[in-house]
Amino acid sequence: MTNAAMGTAGRLSARHSARLQQSADVLQDEGTLRLLELPALSLSSPVRSTRVRIAVSADAKRAIAKIKSGSCGRGLFIDCGSNVGQGYSVFSRYYTEEYFDFIMIEPNKSCLPYLQALQASSSANIEIIGKAASVREGFTTLFGPPSDRRQPTYERRSIVPEHNSSLYDARDADSDVVETFSLSNLIMAKKALYDVVILKLDVDGSEYQILFDMINTGAHRELYATYIEFHSFYMKRLEREIKVMAESNIRKTIESDGILFREWI
């Protein structure tokens, strides 16, 4: 295994370990009934990951066929919530640089040097946006964990204060002010330049307002495929129930408009 592959594997392993710990925190906070969910979630994760990657491979082949018969000859992959490039490492195996340009979106300034190093070392056409995807241009607060649990490239930072409400109170968490932009507007502008646009969205709780905005503006219809990670599991019970209903409505709407929808993990 190469050093790069070992580094990617290490980051993915650390990510899964962190999520297991977060799941345990949620379960401890909410009692024994949810304790039953942790083994099922942990045991099913490798199977779900394999199934999604098989689907991604098939999706990419169809997307590339569409590009080959299109007028632009290129596709765009938007990696929204890039962290240090874990998603790019996976998706670029299928959505290859031969046919795709990439946009990496990450508001956590501690992650940007990692993405810039990846950009410099890759022959792919990669654009980095160091802002938070949202529904409008402006500024907002990027919430993170409390200081005693924070790491510089912590993945679960969000512009939504209740994103980790089962784990900690956002009022006690570290925070930064970050610039925001409209993801809907970005998609609408970029679609004119590409035959297909693919979106991976992992934004730790702000996906709901972003996706509803995309649906309201019609921006979702400009996409060929979506890979969405929902985060209701880490919210408190009442908020979680509301978000689960929203997830179902979002998926039905996107699929009813003929857009590929995959739930990323």
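Before going into details, it helps to say that this report is about the structure given with it. (Residues numbered from 1 in each chain as written. Predicted model: local features only at pLDDT ≥ 70, side-chain atom pairs only at ≥ 80, totals over all residues. Heavy atoms only, no water.)

## Examining the packing of helix H6 (residues 183-191) against helix H7 (residues 207-217)
In contact at an axis separation of 9 Å, H6 and H7 are set at 50 degrees when each is read in the N-to-C sense. On the basis of their axis angle, the class for H6 and H7 is oblique. Residues Leu 183, Ser 184, Ile 187 and Met 188 of H6 touch H7, and the partners they reach there are Ile 210, Asp 213, Met 214 and Thr 217. Here the contact of H6 with H7 is composed, by residue class, of five nonpolar, two polar and one charged. (Axes fitted to C-alpha atoms, helices over the stretch in contact; angles between N-to-C directions. Helix = DSSP H or I, 4+ residues; strand = E, 2+ residues; numbered from the N terminus. Parallel < 35°, antiparallel > 145°, perpendicular 65-115°, else oblique. Contact = heavy atoms within 4.5 Å. Nonpolar A, V, L, I, M, F, W, Y, C, P; charged D, E, K, R; others polar.)

## Considerations on the pattern of salt bridges
Tallied over the entire structure, the rule returns eleven salt bridges. Ionic pairing is found between Arg 221 and Asp 257, a salt bridge with its closest N-O pair at 3.6 Å. One end of the pair, Arg 221, is in the loop between H7 and strand S8 (225-228); the other, Asp 257, is in the loop between helix H8 (237-256) and strand S9 (260-263), with 36 residues separating them in the sequence. Residue Arg 251 pairs with Glu 255 through a salt bridge whose shortest N-O separation is 3.2 Å. Of this pair, Arg 251 and Glu 255 both sit in helix H8, four residues apart, which is roughly one turn of the helix. Since its relative accessible area comes to 38%, Glu 255 is described here as partly exposed. Among the charged side chains, a salt-bridge network with shared partners connects Asp 59, Arg 62 and Arg 262. (Salt bridge = Lys/Arg side-chain N within 4 Å of Asp/Glu carboxyl O. Buried < 20%, exposed > 50% of the residue type's maximum accessible area, 1.4 Å probe, protein only.)

## Quick word on the nonpolar core
Of all hydrophobic cores here, the largest spans 31 residues; its most connected members are Ile 78, Cys 80, Ile 105, Leu 183, Leu 199, Leu 201 and Met 214. At the level of secondary structure, the elements contributing two or more residues to this core comprise strand S1 (75-80), strand S2 (100-105), H6, strand S7 (196-201), H7 and H8. Counting residues per element, this core draws most heavily on H7, at five residues. In contact with Leu 199, other than residues within four places in its own chain, are Ile 78, Cys 80, Leu 183, Ile 187, Met 214, Leu 223, Ala 225, Thr 226 and Tyr 227. (Core = buried A, V, L, I, M, F, W, Y, C linked by side-chain atoms within 4.5 Å.)

## Quick look at the packing of aromatic side chains
Applying the stated criterion across every chain, the model contains ten aromatic pairs. With a centroid separation of 6.2 Å and 45 degrees between ring planes, the pair formed by Phe 77 and Phe 102 is classed as tilted. Of this pair, Phe 77 sits in strand S1 while Phe 102 sits in strand S2, placing them 25 residues apart in sequence. Assigned by exposure class, Phe 77 and Phe 102 land together as buried. Each ring, one from Phe 91 and one from Trp 264, has its centre 4.6 Å from the other, and the planes form 40 degrees; the classification is tilted. Of this pair, Phe 91 sits in helix H4 (residues 86-91) while Trp 264 sits in the segment after S9, and the two are 173 residues apart along the sequence. The two residues Phe 91 and Trp 264 agree in class, both being buried. (Phe/Tyr/Trp six-rings, centres within 6.5 Å; stacked < 30°, edge-to-face > 60°.)

## Quick notes on the sheet that holds S7
The six strands lie next to each other as S3-S2-S1-S7-S8-S9, forming an open sheet whose pairing is parallel. Of all strands in the sheet, those bounded by a partner on one side alone are strand S3 (126-129) and S9. Within this sheet the neighbouring strands show an average axis-to-axis angle of 15 degrees, counted without direction. When S8 meets S9, the two strands line up parallel, connected through four bridges. (Pairing = 2+ DSSP bridges.)

## Here we look at the side chain of Ser 206
On the secondary structure map, Ser 206 appears in the loop between S7 and H7. In terms of polar contacts, Ser 206 uses its side chain to reach the backbone carbonyl oxygen of Val 203, at 3.1 Å. Apart from residues lying up to four places away in sequence, Ser 206 is in contact with Ser 158, Ile 159 and Val 160. (Polar contact = N/O pair within 3.5 Å; in protein donor to acceptor, adjacent residues only side chain to side chain.)

## Let's talk about the pairing of S3
Here is the key point about a regular strand: its side chains alternate between the two faces of the sheet. With four bridges connecting them, S2 and S3 associate as parallel partners. Residue pairing across strands places Phe 102 opposite Ile 126, the latter belonging to S3. Each parallel crossover has a hand, and for S2 linked through helix H5 (residues 112-121) to S3 it is right-handed. (Right-handed = clockwise from strand over helix to strand, strands pointing away.)

## Examining H7
Taken together, the buried positions of H7 are occupied by Glu 207, Tyr 208, Ile 210, Leu 211, Asp 213, Met 214 and Ile 215. The elements touched by buried residues of H7 are strand S4 (132-134), strand S6 (175-182), H6, S7, S8 and H8.

## Structural notes on the sheet that holds S4
Within the open sheet, the three strands sit side by side as S4-S6-S5. Their pairing is mixed. Two strands in the sheet have a free side with no partner beyond their single neighbour: S4 and strand S5 (138-143). If you compare each strand with its neighbour and ignore which way they point, the axes differ by 50 degrees on average. In this structure, S4 lies alongside S6, joined through three bridges in parallel fashion.

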